[in-house]
Structures are given as C-alpha cells and as structure tokens.
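Topology and contacts: notes
The lines below spell out each chain.
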Amino acid sequence: MTHGAATNGAAVEAIDLVKHFGDTLAVDGVSFTIPEGGVLGLLGPNGAGKTTIVRMLSTLSVPTSGTGRVSGHDILKEPEAVRRSMGLTGQVATVDELLTGRENIRLIGRLYGLPMTYIREAADSLLERFALTDAADRIAKTYSGGMRRRLDLAVSLVATPPVLFLDEPTTGLDPRSRADLWEVLRGLVRDGTTLLLTTQYLEEADQLADQIVVIDKGRVIASGTPTDLKREAGRASVDLTVTHAADVPRAEVLLRTCSSEVFVDEPNRRLTAPADGLVDMTRIADRLRESGIEVDDLGLKRPSLDDVFLHLTGHRAEETDETELDETVAEEVAQ
Ligand SMILES: Nc1ncnc2c1ncn2[C@@H]1O[C@H](COP(=O)(O)OP(=O)(O)O)[C@@H](O)[C@H]1O
Ligand SMILES: [Mg+2]
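1. Comments concerning the overall build of the chain
When helices and strands are tallied, the chain shows 12 helices and 14 strands. The contacts in the chain between residues at least 6 apart in sequence include a share of 69% that link residues at least 24 apart.

And the structure:
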C-alpha cells in the first residue's frame, strides 16, 4: 500500500496515548500496533476509553499526550493524510435518515471529491455487497438497525480507505444481523483492509480479531490472540441438567470418561465439566443418548468477557448496559 509514508508494515500505531477530560483520565497511556491487513479488537466494558482512543486515532479528538500513526502518518502532524487513509464507522450511525441509501453513499463520494462516474459504480457495488440493492432507493429512515449499520459501513468505504475504524459496530443488533455484519467484515479483511474494532463482546473479538487488547479504566490490562486470552480466563465447560435425579451418578461416570474434572450439583441435578469445545459437547450428547439418560438442558459455556475481566483484574466488568445479558448470564439467572 503506498500512501506516501514509511510504515514499516504497521497500518496503525497508538503511542502512549493519554486523554484527560477535566478530572477524568479517560485514556491512560495506551500503546498498540496493527500490522497492515491485521484486525485488532479493542475489548472493554462501557467507559473503558474505547471511543476516546478511536477518536484520537481518527483525528476527531486531540490527545493530552502521546500520539499515533495511521498508514505512517502522524495524527498530530499530518491529520489530513490520516483522514485520507482511514474510514470511520462510529458507535452511533451517522447516515442521513432523509436520504436514500444510494444518496447517502453518493453524497459522501462527492464530499471526497471523487469523479461522478466512479461514485455511481462504487455506490452500486457497495449496495450490492452489503445486501442493500433492494432498499437502495428507500430513505434510510425506513431501514432496520442492521441495514443502517451496513449502510454506515458502505458509506465509510466509498473512498476505499486501507484502514477502517469500527466503534462497536454490532452493539444493539440482533444475533442474525450481527453474524451478517461479521461476514461483511471478514470480506473486507480478505481484501486487505486493516481493521481496528472496538467491542464489549469477547465473542465478537474472538470471531474477527487476530489480536485483542483488553482495556479497563483507560489502561491496557491484557493483550494477545483470542486463544491466549481465553486460555488465561479458563476453559469452556459443558453444563448439563439431567431430568431424573436417579440418573445423576450415571451421568457423572459418563462425564468422567470425557473430562478429568466433574462438578456435581446434586440437588439441582446439574453437572459441569471442563471441555474443549463443540466436539467434546457433541461426544457427550451422543453418549448420553446411547445410555438413555434424559437431559433437561445441555450447553457449552465459554468464558465470557466477564470471566476474562474477573480473571485479569479480580473484579467484574461493571454493569455495562441493558443488552449485556448474554447467554451465560441468562442461564445463571434461570436457575
Ligand atoms: N467528551 C467527554 N467529556 C468528558 N468525559 C468524557 C468525554 N468522552 C468520554 N468521557 C469519559 O471518558 C471515559 C471513557 O469514555 P469512552 O471513551 O466513551 O469509553 P467507551 O467507549 O469504552 O465506553 C468515560 O469515563 C467517559 O465518561
Ligand atoms: Mg464507546
């Protein structure tokens, strides 16, 4: 990628970034590097400083100290070159509700000063890529949440930036729209786009990122590959509830053939055993069926962001927002 600056293979660098808002220390010395074509997930609860970091790197906010580089351009010294090499999809969708999807894309293309013939073609192909062709000529006000996020992403891609910042791209989306968006993002990465993605969901970072930086209260508290982090936070476990109390001992024996540790909660007919993933769970499900042991519930629990936090900091991630009731928590509440 040639954008007129030496990058040493780094598409994005955060260099000891600090941001004060009055007495609030929102970002407290954050550094990381994303290689060209890489995907970095900035993972942390509400208020951790994610948006502030993205805003500084995208030149929307000036750091109190520290700096950063995007495609080799310094965010303080060359903000315009930085803005030309990146696209930004904010936490709050920025599409104009009164324009159609197509008009939103064309408008941004014109603001970038791109030739009209190019804009027309780019709009058509972006609309198709984001499954918005049928809705292209409806005003954005009529779009669903998932469609808006996709339009927002399409708009940020008109100028084909090599680096894309995505601030909580799927927060508030239903699981289906979230999975659709992940697919779109994987496509961008296949085409060579570098992504910086913020998220509150370990699963999202796990699905997309090849490097995760966990932040809490403005500081980096851990970083590594998704596998590294989950390993640190503990393994997944298979969790099952047998229908008949009399089957608990048999189920325990059966689980012991698959896993070295088994925890039995006799009064609730519930058994839990560390497992490596779906393969283990499927094997356990098969054996239960073969043995004629009926179960009310069988599931795989993966370490959640909360588990990662508890492990890393010794405290739970503060209550984030109302949509944070993930499957694991829901299961616990149902007990
Ligand atoms: N413009 C601002 N003025 C004052 N405080 C702010 C401002 N923006 C963010 N903060 C504070 O900085 C901290 C980090 O916020 P933010 O970067 O939005 O976190 P996140 O995106 O991880 O939820 C929070 O304590 C927040 O209240
Ligand atoms: Mg935020």
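2. Focus: the packing of helix α9 (residues 248-256) against helix α10 (residues 278-291)
For the pair α9 and α10, interaxial distance at closest approach is 10 Å and the crossing angle is 140 degrees. Taken together, α9 and α10 sit at an angle that is classed as oblique. Of the two elements, α9 crosses α10, and the hand of that crossing is right-handed. Residues Arg-250, Leu-254 and Leu-255 of α9 touch α10, and the partners they reach there are Ile-284, Arg-287, Leu-288 and Ser-291. Considering only residue class, the contact of α9 with α10 consists of four nonpolar, one polar and two charged.

3. Let's talk about the site of ligand 1
Around ligand 1, the neighbouring residues are Phe-21, Thr-24, Ala-26, Gly-44, Asn-46, Gly-47, Ala-48, Gly-49, Lys-50, Thr-51 and Thr-52. Among the secondary structure elements, those contributing two or more residues to the shell around ligand 1 are β2 (24-35) and α1 (50-57). Take the shell around ligand 1: its biggest share by element is three residues, from α1. Looking at the shell around ligand 1 residue by residue, the class counts come to three nonpolar, seven polar and one charged.

4. Examining the nonpolar core
In summary, soluble globular proteins display a tendency toward joint burial of nonpolar side chains. Ile-53, Leu-57 and Leu-196 are the most contacted members of the largest nonpolar core, which has 43 residues in total. Looking at which element gives the most residues to this core, the answer is β2, with five residues. Leave out the neighbours within four places in its chain, and Leu-57 touches Val-12, Ala-14, Gly-68, Val-70, Ile-75 and Phe-165. Within the second largest apolar cluster, 19 residues are counted, among which are Ile-108, Ala-122, Leu-132 and Leu-157.

5. Observations regarding helix α5 (residues 145-156)
Between the first and last C-alpha of α5 there are 17 Å, a value that for 12 residues agrees with the 16 Å anticipated at 1.5 Å per step. By the burial criterion, the buried members of α5 are Met-147, Arg-148, Arg-149, Arg-150, Leu-151, Asp-152, Leu-153, Ala-154, Val-155 and Ser-156. On its buried face, α5 sits against β6 (86-89), α3 (101-111), α4 (116-129), β7 (163-167) and α6 (175-190).

6. Examining unusual backbone geometry
A positive phi is found at Asp-16, a non-glycine position, where the angle reads about 50 degrees. In this structure, Asp-16 sits in strand β1 (residues 10-21). Here Asp-16 falls in the partly exposed class, since 14 other C-beta atoms lie within 10 Å of it. In the Ramachandran plot, Thr-59 falls in the positive-phi region, its phi being about 70 degrees despite a non-glycine side chain. Note that Thr-59 resides in the loop between α1 and β4 (65-70).

7. Some thoughts on the sheet that holds strand β12 (residues 263-265)
If you walk across this open sheet you meet the four strands as β12-β13-β11-β14, and the pairing is antiparallel. Each edge of the open sheet carries a strand with a single partner, namely β12 and β14 (295-301). Averaged over all neighbouring strand pairs, the angle between strand axes comes to 15 degrees, with direction disregarded. Here α10 sits on the sheet in contact with β11 (236-242), β13 (270-275) and β14, set at roughly 165 degrees to β14.

8. Some thoughts on α6
The first and last C-alpha atoms of α6 sit 23 Å apart over 16 residues, in line with the 22 Å expected at 1.5 Å per residue. Residues of α6 that are buried include every one of Arg-178, Leu-181 and Leu-185, and no others. In a view along the axis of α6, the buried residues occupy a sector of 65 degrees, so they form one face of it. Along α6, the residues that are exposed and aim more than 90 degrees away from the buried face are Arg-176, Glu-183, Gly-187 and Arg-190. Packing partners of the buried residues in α6 comprise α5, β8 (194-199) and α7 (202-208). Looking one or two residues beyond α6, the residue adopting positive phi is Gly-192, at roughly 105 degrees.

9. Examining the pairing of β11
Burial analysis of β11 places five of its seven residues in the buried class, the great majority of the element. In this sheet, β13 lies alongside β11 in antiparallel orientation, the contact comprising six bridges. Counted as the bridge partner of Thr-241 is Arg-270 from β13. In the sheet, β11 pairs with β14 via six bridges, with the strands oriented antiparallel. Paired with Leu-240 across the two strands is Leu-298, which belongs to β14.

10. Thoughts on the sheet that holds β6
Strand order across the open sheet formed by six strands is β6-β7-β8-β3-β9-β10, with mixed pairing between neighbours. A strand with exactly one partner marks an edge of an open sheet, and here the two such strands are β6 and β10 (219-224). Taken pair by pair, the neighbouring strands of this sheet meet at an average axis angle of 15 degrees, ignoring direction. Taken together, the four bridges between β6 and β7 define a ladder with parallel strand orientation. Across the sheet, Thr-89 pairs through a bridge with Leu-166, a residue of β7. Its contacts with the sheet put α5 on β6 and β7, and the angle it makes with β6 is roughly 165 degrees.

Rules used in this analysis
Residues numbered from 1 in each chain as written. Chains lettered and ligands numbered in written order. Predicted model: local features only at pLDDT ≥ 70, side-chain atom pairs only at ≥ 80, totals over all residues. Helix = DSSP H or I, 4+ residues; strand = E, 2+ residues; numbered from the N terminus. Contact = placed C-beta atoms within 7 Å. Axes fitted to C-alpha atoms, helices over the stretch in contact; angles between N-to-C directions. Parallel < 35°, antiparallel > 145°, perpendicular 65-115°, else oblique. Left-handed = near helix turned anticlockwise from the far one by under 90°. Nonpolar A, V, L, I, M, F, W, Y, C, P; charged D, E, K, R; others polar. Near = placed C-beta within 6 Å. Core = buried A, V, L, I, M, F, W, Y, C linked by C-beta atoms within 7 Å. Buried ≥ 20, exposed ≤ 12 C-beta atoms within 10 Å, placed from the backbone. Expected span 1.5 Å × (residues − 1). Pairing = 2+ DSSP bridges. Arc of directions from axis to C-beta.

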